[in-house]
Amino acid sequence: MSHHDEETDAASRADEFLQVFKKGAEFTQDLLKENERLRFRVVKLEETLKEKGYDTVDESPDAIELKKKIAALEQEKEEILGQIKVVEEENLNFANRYVEIEEENNMLANLYIASYQLHSTLDFKEVLQIILEIVINLIGAEEFGVLLLDEKTNRLEPVASEGLVTSELPSVAVGKGIIGEAVHSGENYFIDSMEGYERDFEKPIVCIPLKIKDHVIGVIAIYKLFTQKDEFTNVDYELFTLLAGHAATAVFSSRMYSDSERKLSTIQGFIDLLTK
Amino acid sequence: MTGYKVLVVEDSPTMRQLIVFALKRIRGFQIVEANDGVDGLKKLSAEKFDLILTDINMPIMDGLKLVSMVRNDPNYKETPIIVITTEGATEDRERALALGANEYITTPIQTMKILETGKKLMSV
(Lines give C-alpha, C1' and ligand atoms only; values in the text may rest on other atoms or scores of the structure.)
Protein backbone atom coordinates (compact mmCIF):
# COMPACT_ATOMS: atom_id res chain seq x y z
CA MET A 1 0.00 0.00 0.00
CA SER A 2 1.30 3.46 -1.03
CA HIS A 3 1.45 6.44 1.24
CA HIS A 4 -1.48 8.05 -0.62
CA ASP A 5 -3.71 5.03 -0.11
CA GLU A 6 -3.01 5.00 3.61
CA GLU A 7 -4.09 8.65 3.90
CA THR A 8 -7.37 7.97 2.03
CA ASP A 9 -8.22 5.03 4.33
CA ALA A 10 -7.54 7.06 7.47
CA ALA A 11 -9.79 9.88 6.21
CA SER A 12 -12.59 7.40 5.49
CA ARG A 13 -12.41 5.93 9.02
CA ALA A 14 -12.40 9.40 10.58
CA ASP A 15 -15.48 10.25 8.56
CA GLU A 16 -17.27 7.07 9.76
CA PHE A 17 -16.36 7.83 13.38
CA LEU A 18 -17.68 11.36 12.98
CA GLN A 19 -20.98 10.05 11.64
CA VAL A 20 -21.39 7.64 14.62
CA PHE A 21 -20.53 10.41 17.05
CA LYS A 22 -23.13 12.70 15.45
CA LYS A 23 -25.81 10.01 15.72
CA GLY A 24 -24.90 9.48 19.40
CA ALA A 25 -25.14 13.18 20.04
CA GLU A 26 -28.55 13.31 18.36
CA PHE A 27 -29.80 10.36 20.45
CA THR A 28 -28.57 11.99 23.65
CA GLN A 29 -30.37 15.17 22.67
CA ASP A 30 -33.59 13.18 22.13
CA LEU A 31 -33.25 11.51 25.55
CA LEU A 32 -32.69 14.83 27.26
CA LYS A 33 -35.78 16.24 25.56
CA GLU A 34 -37.89 13.20 26.60
CA ASN A 35 -36.60 13.49 30.13
CA GLU A 36 -37.46 17.15 30.19
CA ARG A 37 -40.95 16.41 28.86
CA LEU A 38 -41.58 13.73 31.51
CA ARG A 39 -40.32 15.90 34.33
CA PHE A 40 -42.61 18.62 33.11
CA ARG A 41 -45.49 16.11 33.08
CA VAL A 42 -44.70 15.01 36.66
CA VAL A 43 -44.63 18.61 37.84
CA LYS A 44 -47.92 19.28 36.07
CA LEU A 45 -49.54 16.21 37.66
CA GLU A 46 -48.28 17.16 41.10
CA GLU A 47 -49.67 20.63 40.60
CA THR A 48 -53.04 19.15 39.58
CA LEU A 49 -53.11 16.99 42.72
CA LYS A 50 -52.18 19.95 44.90
CA GLU A 51 -54.93 22.01 43.28
CA LYS A 52 -57.35 19.23 44.21
CA GLY A 53 -56.00 19.21 47.75
CA TYR A 54 -54.07 15.92 47.74
CA ASP A 55 -50.54 15.65 48.98
CA THR A 56 -49.83 12.20 47.48
CA VAL A 57 -51.22 9.84 44.82
CA ASP A 58 -52.39 7.49 47.62
CA GLU A 59 -55.01 10.00 48.58
CA SER A 60 -56.68 10.11 45.17
CA PRO A 61 -60.36 8.99 45.12
CA ASP A 62 -59.60 6.03 42.86
CA ALA A 63 -56.85 4.84 45.18
CA ILE A 64 -59.07 5.28 48.22
CA GLU A 65 -61.89 3.40 46.48
CA LEU A 66 -59.55 0.60 45.54
CA LYS A 67 -58.19 0.45 49.07
CA LYS A 68 -61.74 0.19 50.41
CA LYS A 69 -62.50 -2.63 48.00
CA ILE A 70 -59.33 -4.44 49.02
CA ALA A 71 -60.20 -4.07 52.68
CA ALA A 72 -63.73 -5.35 52.05
CA LEU A 73 -62.39 -8.31 50.09
CA GLU A 74 -59.85 -9.06 52.82
CA GLN A 75 -62.63 -9.03 55.38
CA GLU A 76 -64.77 -11.26 53.19
CA LYS A 77 -61.82 -13.64 52.79
CA GLU A 78 -61.37 -13.78 56.57
CA GLU A 79 -65.09 -14.46 57.03
CA ILE A 80 -65.00 -17.25 54.44
CA LEU A 81 -61.93 -18.77 56.07
CA GLY A 82 -63.72 -18.59 59.42
CA GLN A 83 -66.78 -20.27 57.95
CA ILE A 84 -64.62 -23.01 56.42
CA LYS A 85 -63.08 -23.60 59.83
CA VAL A 86 -66.52 -23.82 61.45
CA VAL A 87 -67.72 -26.23 58.73
CA GLU A 88 -64.59 -28.36 59.18
CA GLU A 89 -65.18 -28.52 62.94
CA GLU A 90 -68.83 -29.43 62.37
CA ASN A 91 -67.73 -32.08 59.91
CA LEU A 92 -65.39 -33.56 62.50
CA ASN A 93 -68.15 -33.47 65.11
CA PHE A 94 -70.51 -35.22 62.72
CA ALA A 95 -67.89 -37.88 61.98
CA ASN A 96 -67.35 -38.47 65.71
CA ARG A 97 -71.09 -38.51 66.31
CA TYR A 98 -71.50 -41.01 63.48
CA VAL A 99 -69.01 -43.33 65.17
CA GLU A 100 -70.83 -42.93 68.50
CA ILE A 101 -74.20 -43.61 66.86
CA GLU A 102 -72.77 -46.68 65.15
CA GLU A 103 -71.54 -47.94 68.53
CA GLU A 104 -74.93 -47.27 70.11
CA ASN A 105 -76.62 -48.90 67.16
CA ASN A 106 -74.37 -51.91 67.55
CA MET A 107 -75.16 -52.09 71.24
CA LEU A 108 -78.91 -51.80 70.67
CA ALA A 109 -78.79 -54.49 68.00
CA ASN A 110 -76.84 -56.73 70.36
CA LEU A 111 -79.23 -56.01 73.17
CA TYR A 112 -82.27 -56.65 71.00
CA ILE A 113 -80.89 -60.00 69.86
CA ALA A 114 -79.79 -60.94 73.35
CA SER A 115 -83.17 -60.15 74.89
CA TYR A 116 -84.97 -61.85 71.99
CA GLN A 117 -82.92 -65.00 72.53
CA LEU A 118 -83.23 -64.90 76.32
CA HIS A 119 -87.01 -64.73 76.11
CA SER A 120 -87.30 -67.23 73.28
CA THR A 121 -87.47 -70.22 75.63
CA LEU A 122 -88.82 -71.25 79.00
CA ASP A 123 -86.35 -74.08 79.37
CA PHE A 124 -84.06 -73.26 82.28
CA LYS A 125 -81.01 -75.04 80.81
CA GLU A 126 -81.49 -73.32 77.47
CA VAL A 127 -81.72 -69.95 79.19
CA LEU A 128 -78.44 -70.64 80.99
CA GLN A 129 -76.83 -71.66 77.68
CA ILE A 130 -78.04 -68.45 76.04
CA ILE A 131 -76.64 -66.39 78.94
CA LEU A 132 -73.26 -68.08 78.44
CA GLU A 133 -73.31 -67.37 74.70
CA ILE A 134 -74.24 -63.76 75.23
CA VAL A 135 -71.53 -63.16 77.79
CA ILE A 136 -68.93 -64.82 75.54
CA ASN A 137 -69.96 -63.22 72.28
CA LEU A 138 -71.26 -59.83 73.27
CA ILE A 139 -69.19 -59.00 76.31
CA GLY A 140 -66.09 -60.93 75.34
CA ALA A 141 -65.63 -62.88 78.55
CA GLU A 142 -63.45 -65.96 78.45
CA GLU A 143 -63.79 -67.26 82.02
CA PHE A 144 -66.92 -66.60 84.04
CA GLY A 145 -69.62 -68.23 86.13
CA VAL A 146 -73.33 -67.80 86.75
CA LEU A 147 -74.36 -68.14 90.39
CA LEU A 148 -78.00 -68.20 91.49
CA LEU A 149 -79.41 -67.37 94.88
CA ASP A 150 -80.84 -70.20 96.95
CA GLU A 151 -83.39 -68.33 99.03
CA LYS A 152 -83.61 -71.14 101.58
CA THR A 153 -79.92 -71.02 102.47
CA ASN A 154 -79.37 -67.39 101.42
CA ARG A 155 -76.31 -68.50 99.52
CA LEU A 156 -75.26 -68.19 95.88
CA GLU A 157 -74.69 -71.51 94.17
CA PRO A 158 -72.83 -71.90 90.84
CA VAL A 159 -75.08 -73.23 88.07
CA ALA A 160 -73.13 -72.62 84.86
CA SER A 161 -69.72 -71.49 83.70
CA GLU A 162 -67.46 -70.99 80.71
CA GLY A 163 -63.71 -71.60 80.68
CA LEU A 164 -63.97 -72.97 84.24
CA VAL A 165 -65.30 -76.06 85.98
CA THR A 166 -68.66 -75.09 87.50
CA SER A 167 -68.18 -77.35 90.50
CA GLU A 168 -64.92 -75.54 91.35
CA LEU A 169 -66.72 -72.25 91.77
CA PRO A 170 -67.44 -71.47 95.42
CA SER A 171 -70.79 -71.22 97.12
CA VAL A 172 -71.01 -67.66 98.43
CA ALA A 173 -72.99 -66.28 101.35
CA VAL A 174 -74.99 -63.11 100.69
CA GLY A 175 -73.14 -60.05 101.93
CA LYS A 176 -69.79 -61.81 102.06
CA GLY A 177 -66.90 -60.77 99.81
CA ILE A 178 -67.22 -59.00 96.46
CA ILE A 179 -69.82 -61.41 95.06
CA GLY A 180 -71.93 -61.54 98.21
CA GLU A 181 -71.80 -57.76 98.57
CA ALA A 182 -72.91 -57.27 94.94
CA VAL A 183 -75.99 -59.37 95.72
CA HIS A 184 -76.60 -57.52 98.98
CA SER A 185 -76.26 -54.04 97.48
CA GLY A 186 -77.59 -54.84 94.01
CA GLU A 187 -74.76 -52.75 92.56
CA ASN A 188 -72.46 -53.78 89.69
CA TYR A 189 -68.83 -54.35 90.65
CA PHE A 190 -65.93 -53.55 88.31
CA ILE A 191 -62.31 -53.99 89.31
CA ASP A 192 -60.35 -50.70 89.35
CA SER A 193 -57.49 -51.99 87.23
CA MET A 194 -57.05 -55.26 85.40
CA GLU A 195 -53.28 -54.91 85.37
CA GLY A 196 -51.59 -57.75 87.24
CA TYR A 197 -54.90 -59.45 88.05
CA GLU A 198 -54.71 -63.13 88.92
CA ARG A 199 -57.82 -65.25 89.00
CA ASP A 200 -59.41 -65.56 92.40
CA PHE A 201 -62.89 -67.10 92.57
CA GLU A 202 -63.76 -64.83 95.49
CA LYS A 203 -62.57 -61.71 93.63
CA PRO A 204 -63.87 -61.48 90.08
CA ILE A 205 -62.98 -58.58 87.77
CA VAL A 206 -66.67 -57.96 87.16
CA CYS A 207 -69.68 -58.99 89.18
CA ILE A 208 -73.13 -58.18 87.80
CA PRO A 209 -76.21 -58.88 89.94
CA LEU A 210 -79.13 -60.42 88.06
CA LYS A 211 -81.96 -58.20 89.21
CA ILE A 212 -85.69 -58.04 88.69
CA LYS A 213 -86.43 -54.53 89.91
CA ASP A 214 -84.71 -54.57 93.34
CA HIS A 215 -84.88 -58.31 93.79
CA VAL A 216 -81.51 -59.98 93.12
CA ILE A 217 -81.75 -63.62 92.00
CA GLY A 218 -78.08 -64.26 91.20
CA VAL A 219 -74.88 -62.91 89.68
CA ILE A 220 -72.58 -63.21 86.69
CA ALA A 221 -68.98 -63.24 87.94
CA ILE A 222 -66.32 -62.65 85.27
CA TYR A 223 -62.70 -63.73 85.85
CA LYS A 224 -61.08 -63.29 82.46
CA LEU A 225 -61.77 -61.36 79.28
CA PHE A 226 -60.51 -62.06 75.79
CA THR A 227 -57.18 -60.35 75.24
CA GLN A 228 -58.62 -57.82 72.80
CA LYS A 229 -60.43 -56.11 75.66
CA ASP A 230 -58.08 -54.18 77.95
CA GLU A 231 -60.68 -52.11 79.69
CA PHE A 232 -64.41 -51.54 79.82
CA THR A 233 -66.14 -48.83 77.82
CA ASN A 234 -69.29 -46.92 78.77
CA VAL A 235 -71.18 -49.07 76.30
CA ASP A 236 -69.99 -52.18 78.17
CA TYR A 237 -71.31 -50.86 81.49
CA GLU A 238 -74.71 -50.15 79.92
CA LEU A 239 -74.77 -53.48 78.11
CA PHE A 240 -73.88 -55.36 81.31
CA THR A 241 -76.71 -53.75 83.24
CA LEU A 242 -79.33 -54.11 80.53
CA LEU A 243 -78.36 -57.71 79.80
CA ALA A 244 -78.39 -58.59 83.47
CA GLY A 245 -81.99 -57.34 83.68
CA HIS A 246 -83.11 -59.47 80.75
CA ALA A 247 -81.12 -62.48 81.93
CA ALA A 248 -82.68 -62.22 85.39
CA THR A 249 -86.23 -62.16 84.01
CA ALA A 250 -85.47 -65.07 81.68
CA VAL A 251 -83.94 -67.16 84.50
CA PHE A 252 -86.80 -66.34 86.86
CA SER A 253 -89.51 -67.13 84.28
CA SER A 254 -87.92 -70.39 83.19
CA ARG A 255 -87.47 -71.49 86.81
CA MET A 256 -91.07 -70.63 87.61
CA TYR A 257 -92.22 -72.48 84.53
CA SER A 258 -90.14 -75.55 85.40
CA ASP A 259 -91.49 -75.49 88.97
CA SER A 260 -95.07 -75.10 87.82
CA GLU A 261 -94.62 -77.90 85.30
CA ARG A 262 -93.24 -80.13 88.05
CA LYS A 263 -96.07 -79.19 90.43
CA LEU A 264 -98.63 -79.71 87.71
CA SER A 265 -97.19 -83.12 87.03
CA THR A 266 -97.35 -83.98 90.77
CA ILE A 267 -100.93 -82.73 91.09
CA GLN A 268 -101.88 -84.62 87.96
CA GLY A 269 -100.34 -87.72 89.55
CA PHE A 270 -102.48 -87.25 92.68
CA ILE A 271 -105.61 -86.66 90.63
CA ASP A 272 -104.91 -89.80 88.64
CA LEU A 273 -104.44 -91.75 91.88
CA LEU A 274 -107.70 -90.43 93.35
CA THR A 275 -109.78 -90.93 90.27
CA LYS A 276 -108.59 -94.44 89.44
CA MET B 1 -76.18 -53.18 45.62
CA THR B 2 -78.49 -56.09 44.87
CA GLY B 3 -78.33 -59.76 44.21
CA TYR B 4 -75.59 -60.76 46.67
CA LYS B 5 -76.20 -64.04 48.44
CA VAL B 6 -74.53 -64.76 51.75
CA LEU B 7 -74.45 -68.05 53.62
CA VAL B 8 -74.10 -67.83 57.41
CA VAL B 9 -73.03 -71.10 59.03
CA GLU B 10 -73.27 -70.90 62.82
CA ASP B 11 -74.66 -73.31 65.40
CA SER B 12 -75.46 -70.70 68.04
CA PRO B 13 -78.82 -69.04 67.26
CA THR B 14 -77.74 -65.92 69.17
CA MET B 15 -74.56 -65.50 67.16
CA ARG B 16 -76.31 -66.37 63.93
CA GLN B 17 -78.94 -63.77 64.56
CA LEU B 18 -76.29 -61.18 65.37
CA ILE B 19 -74.47 -61.82 62.11
CA VAL B 20 -77.67 -61.88 60.07
CA PHE B 21 -78.81 -58.67 61.75
CA ALA B 22 -75.54 -56.99 60.81
CA LEU B 23 -75.60 -58.19 57.20
CA LYS B 24 -79.23 -57.21 56.71
CA ARG B 25 -78.17 -53.61 57.08
CA ILE B 26 -76.85 -53.83 53.55
CA ARG B 27 -79.82 -53.44 51.25
CA GLY B 28 -80.14 -56.20 48.73
CA PHE B 29 -78.20 -58.82 50.64
CA GLN B 30 -79.94 -62.18 50.66
CA ILE B 31 -78.96 -64.23 53.68
CA VAL B 32 -79.35 -67.96 54.09
CA GLU B 33 -78.70 -69.56 57.48
CA ALA B 34 -77.21 -72.97 58.26
CA ASN B 35 -76.85 -74.67 61.66
CA ASP B 36 -73.59 -76.53 61.03
CA GLY B 37 -71.12 -77.59 58.35
CA VAL B 38 -73.31 -80.33 56.90
CA ASP B 39 -76.31 -78.05 56.71
CA GLY B 40 -74.01 -75.44 55.12
CA LEU B 41 -72.87 -77.88 52.41
CA LYS B 42 -76.49 -78.77 51.66
CA LYS B 43 -77.36 -75.11 51.20
CA LEU B 44 -74.25 -74.58 49.06
CA SER B 45 -75.22 -77.39 46.71
CA ALA B 46 -78.72 -75.99 46.29
CA GLU B 47 -77.78 -72.47 45.23
CA LYS B 48 -74.83 -70.22 44.41
CA PHE B 49 -73.45 -67.88 47.10
CA ASP B 50 -71.21 -64.81 46.87
CA LEU B 51 -69.91 -64.96 50.44
CA ILE B 52 -69.68 -67.57 53.19
CA LEU B 53 -69.40 -66.74 56.88
CA THR B 54 -68.72 -69.67 59.14
CA ASP B 55 -68.06 -70.35 62.78
CA ILE B 56 -65.25 -72.80 63.55
CA ASN B 57 -66.54 -74.68 66.57
CA MET B 58 -69.71 -76.44 65.50
CA PRO B 59 -71.19 -79.88 66.05
CA ILE B 60 -71.51 -82.52 63.28
CA MET B 61 -69.10 -80.72 60.93
CA ASP B 62 -66.87 -77.90 62.09
CA GLY B 63 -65.88 -74.76 60.20
CA LEU B 64 -62.40 -76.02 59.30
CA LYS B 65 -63.80 -79.08 57.54
CA LEU B 66 -66.34 -76.89 55.80
CA VAL B 67 -63.65 -74.46 54.56
CA SER B 68 -61.58 -77.38 53.28
CA MET B 69 -64.55 -78.95 51.45
CA VAL B 70 -65.68 -75.67 49.96
CA ARG B 71 -62.21 -74.93 48.61
CA ASN B 72 -62.06 -78.36 46.98
CA ASP B 73 -65.35 -77.74 45.19
CA PRO B 74 -64.67 -76.19 41.74
CA ASN B 75 -67.90 -74.15 42.03
CA TYR B 76 -66.68 -72.43 45.21
CA LYS B 77 -62.93 -72.18 44.69
CA GLU B 78 -63.08 -68.40 44.42
CA THR B 79 -65.95 -67.66 46.83
CA PRO B 80 -64.78 -65.50 49.73
CA ILE B 81 -64.94 -67.17 53.14
CA ILE B 82 -64.90 -65.38 56.49
CA VAL B 83 -64.32 -67.47 59.61
CA ILE B 84 -65.53 -66.41 63.03
CA THR B 85 -63.26 -67.21 65.92
CA THR B 86 -62.71 -66.21 69.49
CA GLU B 87 -59.77 -63.89 70.11
CA GLY B 88 -57.68 -66.55 71.80
CA ALA B 89 -58.13 -69.23 69.13
CA THR B 90 -55.05 -68.31 67.09
CA GLU B 91 -54.36 -71.89 66.01
CA ASP B 92 -57.87 -72.41 64.60
CA ARG B 93 -57.69 -69.10 62.80
CA GLU B 94 -54.35 -69.89 61.20
CA ARG B 95 -55.55 -73.33 60.14
CA ALA B 96 -58.67 -71.84 58.59
CA LEU B 97 -56.62 -69.29 56.65
CA ALA B 98 -54.20 -72.01 55.52
CA LEU B 99 -57.14 -74.10 54.30
CA GLY B 100 -58.34 -71.24 52.13
CA ALA B 101 -60.43 -68.87 54.24
CA ASN B 102 -59.94 -65.25 53.17
CA GLU B 103 -60.52 -63.36 56.41
CA TYR B 104 -61.42 -63.88 60.04
CA ILE B 105 -63.59 -61.99 62.50
CA THR B 106 -63.20 -62.33 66.22
CA THR B 107 -65.86 -62.26 68.89
CA PRO B 108 -67.29 -60.14 70.49
CA ILE B 109 -68.94 -59.49 67.17
CA GLN B 110 -68.84 -55.92 65.90
CA THR B 111 -71.49 -55.09 63.31
CA MET B 112 -69.24 -52.64 61.45
CA LYS B 113 -66.43 -55.17 61.24
CA ILE B 114 -68.73 -57.75 59.62
CA LEU B 115 -70.02 -55.17 57.15
CA GLU B 116 -66.58 -53.84 56.25
CA THR B 117 -65.03 -57.30 55.79
CA GLY B 118 -68.00 -58.60 53.79
CA LYS B 119 -68.04 -55.57 51.51
CA LYS B 120 -64.28 -55.69 51.02
CA LEU B 121 -64.26 -59.35 50.02
CA MET B 122 -67.14 -58.94 47.59
CA SER B 123 -65.79 -55.62 46.27
CA VAL B 124 -69.17 -54.05 47.01
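None of the values given here were measured: they were computed from a predicted structure. (Residues numbered from 1 in each chain as written. Chains lettered and ligands numbered in written order. Predicted model: local features only at pLDDT ≥ 70, side-chain atom pairs only at ≥ 80, totals over all residues.)

A.B. asks: Any chance you could break down the overall build of chain A for me, citing the residues and the numbers?
C.D. replies: Across its full length, chain A holds five helices and six strands. Reading chain A from its N end, one meets helices and strands in the order α-α-α-β-β-β-α-β-β-β-α. When each of the 276 residues of chain A is scored for burial, the buried share is 22%. Sequence-distant contacts in chain A: of pairs separated by 6 or more residues, those separated by 24 or more amount to 59%. (Helix = DSSP H or I, 4+ residues; strand = E, 2+ residues; numbered from the N terminus. Buried ≥ 20, exposed ≤ 12 C-beta atoms within 10 Å, placed from the backbone. Contact = placed C-beta atoms within 7 Å.)

A.B. asks: Tell me about the interface of chain B and chain A, and name the residues and values.
C.D. replies: On the side of chain A, 19 residues touch chain B, which itself brings 17 residues to the contact. Mapped onto the side of chain B that touches chain A, the elements with two or more residues apiece are helix 1 (13-23), strand 5 (103-107) and helix 5 (111-122) of chain B. Its residues placed into classes, the side of chain B that touches chain A shows seven nonpolar, nine polar and one charged. (Nonpolar A, V, L, I, M, F, W, Y, C, P; charged D, E, K, R; others polar.)

A.B. asks: Quick rundown of the sheet that holds strand 2 (residues 29-34) of chain B? Include the residues and the values.
C.D. replies: All names here are of chain B. Reading across the sheet, the five strands line up as 2-1-3-4-5 and stay open at both edges, with parallel pairing between neighbours. Two strands close off the open sheet at either side, each with one partner strand: strand 2 and strand 5. The mean angle between the axes of side-by-side strands here comes to 20 degrees, regardless of whether they run parallel or antiparallel. As paired elements, strand 3 (residues 51-55) and strand 4 (residues 81-86) share four bridges and run parallel to each other. In the strand pairing of strand 4, Asp 55 is matched with Ile 84. In the packing of helix 1 onto the sheet, the strands contacted are strand 1 (4-9), strand 2 and strand 3, and the crossing angle to strand 2 comes to about 170 degrees. (Pairing = 2+ DSSP bridges. Axes fitted to C-alpha atoms, helices over the stretch in contact; angles between N-to-C directions.)

A.B. asks: Help me get a handle on the pairing of strand 2 (residues 155-162) of chain A, residues and values and all.
C.D. replies: All names here are of chain A. Looking at chain direction, strand 1 (residues 141-150) and strand 2 are connected through seven bridges and run antiparallel. If you follow Asp 150 over to strand 2, its bridge partner there is Arg 155. Where strand 1 folds back on strand 2, the antiparallel hairpin that results is connected by four residues, among which Asn 154 adopts a positive phi of roughly 60 degrees. Bridge analysis of strand 2 against strand 3 (residues 172-173) gives two bridges, and the strand direction is antiparallel. Bridge pairing in strand 3 links Arg 155 to Ala 173.

A.B. asks: Got a sec to walk through the nonpolar core? Specific residues and values, please.
C.D. replies: Residue and element names in this part refer to chain A. Core analysis: the largest hydrophobic core is formed by 77 residues, its most contacted members being Val 219 and Ile 220. Here this core takes nine residues from helix 3 (residues 124-139), the largest share from any one element. Residue contacts for Ile 220: discarding those within four places in its chain leaves Val 135, Phe 144, Val 146, Ile 208, Leu 210 and Ala 244. (Core = buried A, V, L, I, M, F, W, Y, C linked by C-beta atoms within 7 Å.)

A.B. asks: I'd like a description of the environment of A:Ala182, backed by residues and values.
C.D. replies: Residue and element names in this part refer to chain A. Within the secondary structure, Ala 182 sits in helix 4 (residues 177-185). For the pair Ala 182 and Val 216, spaced 34 residues apart in sequence, the C-alpha separation works out to 9.2 Å. If near-sequence neighbours (up to four positions away) are discounted, Ala 182 is found in contact with Glu 187, Tyr 189, Cys 207, Pro 209 and Val 219.

By themselves, these figures tell us nothing about what the structure is for.
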